[in-house]
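Here are the chains, one letter per residue:
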Amino acid sequence: MSAFSAIGEETEQDQNEFTPGLEPQPTWCPGCGDFGVLKALKGAAAELGLSPDEMMVTTGIGCSGKLNSYFNSYGFHTIHGRSLPIARAAKLANPGLTVVAAGGDGDGYGIGGNHFMHTARENHDITYIVFNNEIFGLTKGQTSPTSPMGHKSKTQPHGSAKTPLRPLSMSLNAGASYVARTAAVNPNQAKDIIVEAIQHDGFSHVDFLTQCPTWNKDARQYVPYIDINDSDDYEFDKTNRSEASEMMFETENALHEGTVLTGRYYVDEDRPSYQQEKQRIGEMPEEPLAERYFDDSYEWERTFDNFLDKHK
Ligand SMILES: Cc1ncc(C[n+]2csc(CCOP(=O)(O)OP(=O)(O)O)c2C)c(N)n1
Ligand code: SF4
Ligand SMILES: [Mg+2]
């Protein structure tokens, strides 16, 4: 239940609860993988019994950034690469809120890469969904950090000379405590993974493969996919860091060799979240910071006043 929830009781939710009654309706192109993320997120929120006032979805800029326009909850359509700092602030101020940050591969692995790395390192208790279509979709198909080597686009007409970034490995190495990959073509797995990611205490990173039939026609449509947790061909312990790391490395190589591997790669239930650690060392109160705003008797400490005092 959020600090401001008027409902606060466990209720059964319907997916339609998260569909805005009025316009806008999605403007994504027919066949776009982004529809799959929206569907999975609605399904996950309904399964968790959340109501719209108990959730906040922050997004960056891109086709992916439109997500919160079509999802009925608190939302913040931020600027390019900045969906994570806003999500972190919302969660720190109001820990009862379920906070989901979302954005594209260009958004999160490119311009916002710094925020991604440090949010993972600090293990903020939020879920981060990256729509990975391996290009910049909204701006008409330029090469992105996850585009495969040799990928031809308007910005790289002779093919990209760069090796693609490894999102799963990067996330693990930066410090994320839950790392998974799913695909828009796999809606049931996607919904289940988002449920787990939201329930996880700490930073959950979901790399979500979303096909872009308009600008990335050369890319595979991420079918057929293999669920590594269900397949006998891939045995590893997702709580073991080095086994998870090897599985991620293999997955990232396989994608560009034509095999789409998905599933849960790393889960660390023991590591305290940033919020828990801050409370443990006494730097964060138990009561939500956001409630102070409504507390008329609270005496605000202003950084500026402290600064002046120090220099008197
Ligand atoms: C600071 C800044 N730089 C560049 C842009 C232009 N821009 C808008 S969307 C985008 C790329 C989006 O790609 P991605 O994050 O992968 O999202 P997608 O559209 O593929 O979902 C860019 C470069 C911008 N809006 N702001
Ligand atoms: S341009 Fe690509 S990513 Fe954007 S809405 Fe169309 S299909 Fe989806
Ligand atoms: Mg993209």
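Worth saying up front: this structure is predicted, and the values here are computed from it rather than measured.

Just checking my understanding: could you explain the site of ligand 1 for this structure?
Neighbouring ligand 1 are 16 residues, the closest being Cys63, Asp105, Asp107, Gly137 and Leu138. Between an oxygen atom of ligand 1 and a main-chain N or O atom of aspartate 107, the distance comes to 2.7 Å. Between ligand 1 and the protein, one listed contact pairs an oxygen atom with a backbone N or O atom of glycine 137 at 2.8 Å. Within the complex, 73% of the 580 Å² of free accessible area of ligand 1 lies under protein. When contributions to the shell around ligand 1 are tallied by element, the ones reaching two or more residues are α3 (105-111) and β5 (135-136).

Mind showing me how you'd approach the environment of glutamate 246 here?
Here glutamate 246 is to be found in helix α7 (residues 241-255). Residue classification places glutamate 246 among the exposed positions, given a relative accessible area of 59%. When the C-alpha atoms of glutamate 246 and serine 169 are compared, they prove to be 8.9 Å apart, with 77 residues separating the residues in sequence.

I tried to follow the site of ligand 2 on my own but got confused; where do I start?
Surrounding ligand 2, one finds Trp28, Cys29, Cys32, Cys63, Asn133, Cys212, Pro213, Thr214 and Trp215. Residues of the shell around ligand 2, tallied by class, amount to seven nonpolar, two polar and no charged.

Calculation notes
- Residues numbered from 1 in each chain as written.
- Chains lettered and ligands numbered in written order.
- Predicted model: local features only at pLDDT ≥ 70, side-chain atom pairs only at ≥ 80, totals over all residues.
- Heavy atoms only, no water.
- Near = heavy atom within 4 Å.
- Polar contact = N/O pair within 3.5 Å; in protein donor to acceptor, adjacent residues only side chain to side chain.
- Areas by Shrake-Rupley, 256 points an atom, 1.4 Å probe, with all protein chains shown as cover.
- Helix = DSSP H or I, 4+ residues; strand = E, 2+ residues; numbered from the N terminus.
- Buried < 20%, exposed > 50% of the residue type's maximum accessible area, 1.4 Å probe, protein only.
- Nonpolar A, V, L, I, M, F, W, Y, C, P; charged D, E, K, R; others polar.

This is a description of form; function is not addressed.
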